[in-house]
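# Summary of structural features
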Amino acid sequence: MTPGGWIVLIISVGSVTVLFIWCLWLVFTAPEEPERLHGFDTHTPDEKKQAKE
Amino acid sequence: MVTKGIGHERWNSRLGVILAVAGSAVGLGNFLRFPGQAAQYGGGAFMVAYFISLLLIGLPICWAEWTMGRHAGSRGFHSSPGVFHVFVKSRWGKYLGVVGVVIPVVIYMYYVVIEAWCLGYAVNFLTGQINFANAGEAGEFFGRFIGAAGDGVAVGFHINQVGGFLIVVFLLNFFLIYRGVAKGIEWFCRFAMPALFVLALVILIRVLTLGTPDPSMPENNVTNGLGFMWNPEKVLVERQEAGTWTKVREVLGEPSIREAEGEAAADPALRVRTVTIWEQLSKPQLWLAAAGQIFFSLSVGFGVILTYSSYLSRKDDVVLSGLAATSANEFCEVGLGGLITLPASVAFLGVSGIAGMSTFALGFNVLPLVFAKMPLGWLFGFAFFFLLFLAAITSSLSMLQPGIAFLEESLKIERKQSVAILGFITAVGTGFVLYFSEDLKALDTLDFWVGTLLIFILATTQIVVFAWGFGVRRGLEEAAKGAVFRIPSVFVPVMKFVCPIFLIGIFALWVLVNVFGFSFTGGEPEISGYVKDLFVTPNAVAWMSVALVAIFGAFVTLLVARASAYQAKPTDLEDTHP
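Residues numbered from 1 in each chain as written. Chains lettered and ligands numbered in written order. Predicted model: local features only at pLDDT ≥ 70, side-chain atom pairs only at ≥ 80, totals over all residues.

## Structural notes on the interface of chain A and chain B
In plain terms, the rule: Contacts are defined on C-beta atoms placed from the backbone: any two residues whose C-beta positions lie within 7 Å are in contact. Helix and strand definitions here come from DSSP, where helices need a minimum of 4 consecutive H or I residues and strands a minimum of 2 consecutive E residues; each element is numbered from the N-terminal end. Polarity classes work like this: nonpolar for Ala, Val, Leu, Ile, Met, Phe, Trp, Tyr, Cys and Pro, charged for Asp, Glu, Lys and Arg, and polar for all others, with Gly in that last group.
On the chain B side, the residues contacting the 27 residues of chain A number 39 residues. Going through the elements one at a time, α1 (3-29) and α2 (45-52) of chain A are the ones with two or more residues in the side of chain A that touches chain B. Looking at the side of chain A that touches chain B residue by residue, the classes come out as 14 nonpolar, 7 polar and 6 charged.

And the structure:
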């Protein structure tokens, strides 16, 4: 591994890692839409349609 | 007039859709194809071209797809024909979307077979069936497992055959798809993606602490493995034949370079030459490889992101979500895949043991041999192939949803019916790929014509429709709705001019090299084997593979033509979502 190889490795891995962490930080700190706070949907699409009918 | 599609599904959370899209993008290519391509095309030089391609092709198409999908979804459309029906103000626009259904469904037909290989290898490691002593044993096991020796050989249900594993993964995919985007895809990805990250980090730590496994071969070590992957300059031993210098091998590390220089001093036909980063960047094939890797790795041009983002509401962010999914894929590819596969292989087998290996050979022949030589290799072998299985299943799930959405939209049917129809179609296609396993001819042919050629066509169509048909400034305004931040204005000229030109240029290069066999090194052009299989020395399996795609394409076109969902004038379509 040459010094140039270490530089490329650190810049490449570092930049994608920083970008990934920054995106995660934004996702976790951005306010969620109120209607999305109800948790997981527990019905399949067909069940939901039947329930509506 | 308001035209409303029948799908009313929604993602449950922003994180869920990001993990689902990232899961779609993260696949075998991140851990097997990327390291092989980077090492083959110049390491550090490849990374320069790779990141430029990410900015000029990857991100622009990704944001365009997210925006187009959400916009069409708010008008009740979730399939590629529906998206193009909304965006192209012509009654013929919907036909542009046919390719967006054909691509993911046909790719699923063979991708699920590869997914079954991964699960099969994980189970075989766990049960101690894989403990190879040499490359011959590894190759023999792989050939038997996938049925490379002859057609029909892979159809079997022994632990050493792929058939049983294929049934398991096929049914698992359709079970999750039946449960819907939130309860099936999103639920699964919320567990699978973190598990994938943890497994990859555990394997990464193990690989980086391997050191020099065999002290009698000091050049085989992790540092040289990293150098093989990342060094921007390459040191080559070349031999002069008929007046031209051809590469013999790459050498790494001071002792090996000094030894090579000694050989060159003793033999006038040999020389040791350092290839600079600038020389490598001047080669068109490096740019073709880097752009191709970005393109296929991010799953742009598959028709998948169009469908996934159509389940967002118009208030949902697409800019951060698209960037986050892209960054997750890049982290897996560069930060994990780039540090695991080749360093581990070089540490045990040396540069000469892995040079020139194809993606499948690297993954299923070389790495099992590496794990067999590693302490607790059965555990790390299981972990690695289970990691590949998780990466593959989150991708294959995403390939089914566009087909499900299209069937429900065009036929106005419910989930049980759409799952049954798509299950039947893909079972026929997967059975075809499984049966015609000799030399992987069916899989290889479908991957070339659909998994490469059609993807280029769809991606180019999408960016042209978005930037020129819809209008790039209007498109960026649409993307900004509900966005955490806006797409930088520098992407206006990038999306309008640079990206389409770059894409068309790369596509032309690809056709020149891979179809017409043009050689940049000055060799005689030779028509691609894929073209020969159809027109020069016709191969029955290759023709049947193309016929399979054509029949499915005709079926989708017929449904598009007759579907009432696409009859309304595109200009009459209104927002039907909150």
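## Some words on unusual backbone geometry
The backbone of Lys412 of chain B sits at a positive phi, close to 55 degrees, despite the residue not being glycine. When you line up the elements, Lys412 of chain B lands in the loop between α17 (377-411) and α18 (415-435).

## A look at the domain arrangement of chain B
Residues and elements named next belong to chain B. What counts here: Just so you know, the domain bounds were taken from an automatic or database domain assignment.
Domain assignment breaks chain B into domain 1 (14-214 + 279-470 + 481-572) and domain 2 (234-275). The C-alpha centroid of domain 2 is placed 38 Å from the C-alpha centroid of domain 1. The interface of domain 1 with domain 2 comprises 6 residues on the first partner and 5 residues on the second. Put simply, the parts of the chain that give the side of domain 1 that touches domain 2 at least two residues each are α12 (277-281) and α15 (319-354). Considered class by class, the residues forming the side of domain 1 that touches domain 2 number 2 nonpolar, 3 polar and 1 charged.

## A short note on the sheet that holds strand β3 (residues 270-275) of chain B
Residues and elements named next belong to chain B. Selection criterion: Only when DSSP finds a minimum of two bridges between them are two strands counted as paired. Whenever a helix is involved, its axis is fitted only over the stretch in contact; in every case the axis is a line through C-alpha atoms, and angles between N-to-C directions fall within 0 to 180 degrees.
Read from one edge of the open sheet, 3 strands run β2-β1-β3, paired in antiparallel fashion. A strand with exactly one partner marks an edge of an open sheet, and here the two such strands are β2 (244-251) and β3. Here the strands of the sheet are splayed against their neighbours by 35 degrees on average, with no regard to which way each runs. Judged from the 6 bridges that link them, strand β1 (residues 234-241) and β3 form a sheet pairing that is antiparallel. By the bridge assignment for β3, Val235 is matched with Thr274. Relative to β3, helix α11 (residues 254-266) is tilted by about 140 degrees, and along the sheet it contacts β1, β2 and β3.

## Re the nonpolar core
All names here are of chain B. Heads up, the condition is: What makes a nonpolar core is a set of buried Ala, Val, Leu, Ile, Met, Phe, Trp, Tyr and Cys residues, with links drawn between C-beta atoms within 7 Å. Exposed residues have 12 or fewer other C-beta atoms within 10 Å of their own C-beta, buried residues have 20 or more, and partly exposed residues fall in between, where C-beta atoms are placed from the backbone.
Membership of the largest hydrophobic core comes to 206 residues, with the highest contact counts inside it found for Val102 and Leu387. With 22 residues, helix α6 (residues 98-126) is the largest single contributor of residues to this core. Counting the residues that make up this core, at least three belong to each of domain 1 (14-214 + 279-470 + 481-572) and domain 2 (234-275). Sequence-distant contacts of Val102, that is, excluding residues within four places in its chain, are made with Val450, Leu454, Val549, Phe552, Gly553 and Val556.

## Observations concerning the confidence of the model for chain B
All names here are of chain B. How we decide: Every residue carries a pLDDT, the predictor's confidence in it, which falls somewhere between 0 and 100.
Per-residue pLDDT for chain B has a mean of 90; in total, 97% of the residues score no lower than 70. Of all the helices and strands in chain B, helix α16 (residues 359-373) carries the lowest mean pLDDT, 85, while helix α22 (residues 540-562) carries the highest, 97. In the model, residues 1-6 has pLDDT below 50 throughout and makes 19 contacts with residues more than four positions away in sequence or in other chains. In the predicted assembly, ipTM is 0.88 and pTM is 0.90.

## Digging into α6 of chain B
Residues and elements named next belong to chain B. Using the following cut-off: Expected helix span is given by 1.5 Å per residue-to-residue step, counting one fewer step than there are residues. Two axes enter the bend calculation: one fitted to the seven residues ending at the residue in question, the other to the seven starting there, and the bend is the angle between them.
Along its 29 residues, α6 runs 42 Å from first to last C-alpha, staying within 8% of the 42 Å computed at 1.5 Å per residue. Where α6 bends most, the angle comes to about 35 degrees, and this point is Met109. Taken across its 29 residues, α6 has 27 buried, putting it largely inside the fold. Immediately beyond the C-terminal end of α6, within one or two residues, lies Gly128, with a positive phi of roughly 75 degrees.

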